[in-house]
Amino acid sequence: MSERTISRRGFLAAGAGAAALAGLGAGAVGFGEWNDAVAEGVEKGEIKAVHSLCNSCSSKCGFTAYVKDGELVTMIGDEQHPYCEGTLCARGYAYASIAWSKDRLTEPLKKNDKGAFEPISWDQAYAEIAEKVQSIISSDGPQALAMIQDPRPSGSYYTKRFMNALGSANVYTHGVACNMSKNSGMTQAIGAADFTADVANADMVMFLGRSYCDAVRPASVHALQRAHERGCRIVMVDPRCNASTVFADEWLPINPGTDLALILGMAHVLVEEGKYDKDYVANYTVGFEDWAARLAEYTPEWAAEKTGIPAETIKRLANEMWNAAPKACIEQGWRAAFGCAYQNSGETARALCLFNTLLGCWGVEGGAYFPASQSAGKLTDPKFAAPAAPEAKIIGAEEYPLSSSGMGVSTYALSLIPEGTVKGVFFYQSNCVAGYSNPAQLTEFVGAAELSVAIDVQMTETCQACQYVLPDTTYLERLEVPEFVGGKVPVVSLRDRVIEKVHPETRPVDQIFTELAEACGVGEYFQFTVDELADAQLQTVGLSLDALRKAGGTVAFPEKALKFGPKTSWGTKDKKVHFTSEACEKAGFPSSPGWLEPMVMPMGNEFRLIGGKQAIHTHTQTANNEELMAITKEYGLDRVWINEDKAAELGIADGDEVEVTAPANGFTGRGRAHVTPRINPTAVYLPSHYGCSVPEQKTAYQVGLRQMDFVPFHIEPGYGGTMSQEALVTVKKAGA
């Protein structure tokens, strides 16, 4: 193994998971290790094995939980699950303690006239919520209702079914604050919202602001490590030297918001020098001539002025990518670079796909591929029949026509509450208020609703803004519908019930929406249990709930395995890659992607505020975890990153308390400075996990600054992203 190899224990953040499980009870003996004590307990029948899916992030990695006398003994990553390959990360182990957290929501709550929450019964909660739902539908129709949910297996199914049964199409995910712009731009170019870089087999990969080692999926870290060890050239393009640069050959501290210019400059080189897959472009694309003509103005010298990367470096990178093709690509990226970050995020995603097309890498081993998939078939039993499709389109689809597959825009829907277009809003496991855009503005929107309901496991900023809070069980306490996971070999994996309910008055998502539906008069669409639903879905692929359990919780579909080979058919109407887009033209963008400035640019003493993940946290979800927060505090992970030269100009030393101010909205916060050469001098960085404003989250409360407090409420034109890094701040030493 190389000196840069991340060991299993190193990736688990030096025992964060061990500390978490040790706190769960006297029976805890490990945090991901199979040892004699576990083996003996299983053999004697004293320890039971139950398969589940992690809930610390949206990847939902598989694991087997070992339980003795109701206590979690250890967790072993599922080797068959394509996202973890047998490894869980620190968050995966530590987040299991959520079931026993002292800060759990334990009973339904209602906000009184003084703005304080009081306990109520489930019957009262259902009755009052249903009465308001029916009143809103009667006066304004079902489209005045909206649902925002962070996708989880049962949550995705039940929230949509509930809203559709009421007649509303307004079901949103966290996409506006995650991947909406990326998905939407890619859809315009290739008719698909995402792809996967075959990093492990590549000869060269360029990453734009994405860091596998800063908390994506363990399997992605494995692939990056394998690529590094076999000599793949890895280039990290990021204003901040992220954790994944341990595997990189080159780090380029690009000016934030200018990834589009880098792509255009490299594409200019390839087209001008004729170094692109001409046969592929001729046979499987349309509109190339338009983009080629547009690229003429985007020389490496032009791109250097925008990006801060020397023109010679841009030329060299373009040629290196071509020399490595087709076993090379620009990786698909995510939130931190252009998932939802800038005014040009959607156009960046479009240009990225077109650059990869020049390389001829689509479908090629070592290039970029589309995972093989398997899904549940149609359920024939009438009790599972879906509600009629809502008559109206999802709110936001017309106003943001490029939003991926007509997904609509949740923040836009919330902005319509004060005017009365939207009157009722539900949130399921979504801390929208703290993480989707400016919290003060979103709190105001939610507070103006006639009905607002949050369903969660702990009190969040979103819960605080709502009228009703309903306590969910944790993921360890419930069975959910099976999760079908794509990969080189697709699988189906089960989140089963690991432990009994810790708090009697909490209820699982399937029960909550079934009972809400009954109270709202649409209970006929929920005449089944989650066990029956899961079994019926599995029957469509030749399995059963019992068979999946006996198989260990994950079953692969080898007959559906990916077969590498040049991709020649696409998801667009004519089955070709589109260098031009009529939809983009109608939305006010050029037919083929060209340069679009970020909405705001630092001037004078201003910095661009950028955010991102850390390996031990998933945005706000894991911050209220004692073990993970202990690591944050020990290493000062909540500090504000500032370039050392800029810090010297401002008289700021490492560890100083600094005052960060957003001129756009006047918000000011104080934190400690991390002075480092590992960040572009035009930017300051805040990790996106901190700044909790909820006293009930005793561990996370008031630790660090919250990135979104400094971000104005705005929405990317056409695409709908939250533009989370279109924010400028000033920084000064506190008291100066």
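Our structure is the block above this text.
Scope of this entry: the structure provided in the associated data block. (Residues numbered from 1 in each chain as written. Predicted model: local features only at pLDDT ≥ 70, side-chain atom pairs only at ≥ 80, totals over all residues. Heavy atoms only, no water.)

Our focus in this paragraph is the sheet that holds strand β20 (residues 554–556). Spatial strand order, β18-β19-β20: three strands in an open sheet with antiparallel pairing. Two strands close off the open sheet at either side, each with one partner strand: β18 (483–485) and β20. Averaged over neighbouring strand pairs, the angle between their axes works out to 20° when direction is ignored. (Pairing = 2+ DSSP bridges. Helix = DSSP H or I, 4+ residues; strand = E, 2+ residues; numbered from the N terminus. Axes fitted to C-alpha atoms, helices over the stretch in contact; angles between N-to-C directions.)

What follows is about helix α11 (residues 288–295). Along an α-helix, residues three or four positions apart point the same way, because every turn accommodates 3.6 residues. Those residues of α11 not exposed but buried are Phe288, Trp291, Ala292 and Leu295. Summarising the axial view, the buried residues of α11 lie within an arc of 100°, below the 170-degree limit, and thus occupy one face. Facing away from the buried side of α11 by over 90 degrees, the exposed positions are Glu289 and Ala293. Buried-residue contacts for α11 involve α9 (259–272), α10 (278–284), β12 (285–286) and α15 (345–359). (Buried < 20%, exposed > 50% of the residue type's maximum accessible area, 1.4 Å probe, protein only. Arc of directions from axis to C-beta. Contact = heavy atoms within 4.5 Å.)

Across the five residues that make up strand β9 (residues 204–208), a large majority, five, are buried. Burial along β9 is two-sided: the residues Met204, Met206 and Leu208 and Val205 and Phe207 are all buried. Relative to strand β10 (residues 233–237), β9 runs parallel, the two being bridged by five bridges. Residue pairing across strands places methionine 204 opposite arginine 233, the latter belonging to β10. Crossover connection from β9 via helix α8 (residues 218–229) to parallel β10: handedness right-handed. Here β9 runs beside strand β13 (residues 328–330); their pairing, made up of three bridges, is parallel. The residue bridging methionine 204 from the neighbouring strand is alanine 328, located in β13. (Right-handed = clockwise from strand over helix to strand, strands pointing away.)

With that out of the way, let us pick up the nonpolar core. The biggest cluster of nonpolar side chains holds 79 residues, and the ones touching the most others in it are Met206, Leu208 and Leu358. Broken down by element, this core gets its largest block of residues, 10 residues, from α9. For leucine 358, the residues in contact, after removing those within four places along its chain, are Ala267, Leu270, Val271, Tyr276, Asp277, Val281, Phe288, Trp291, Trp322 and Phe579. Core analysis: the next-biggest nonpolar cluster, separate from the first, contains 50 residues, Ala125, Tyr126, Tyr468 and Leu545 among them. (Core = buried A, V, L, I, M, F, W, Y, C linked by side-chain atoms within 4.5 Å.)

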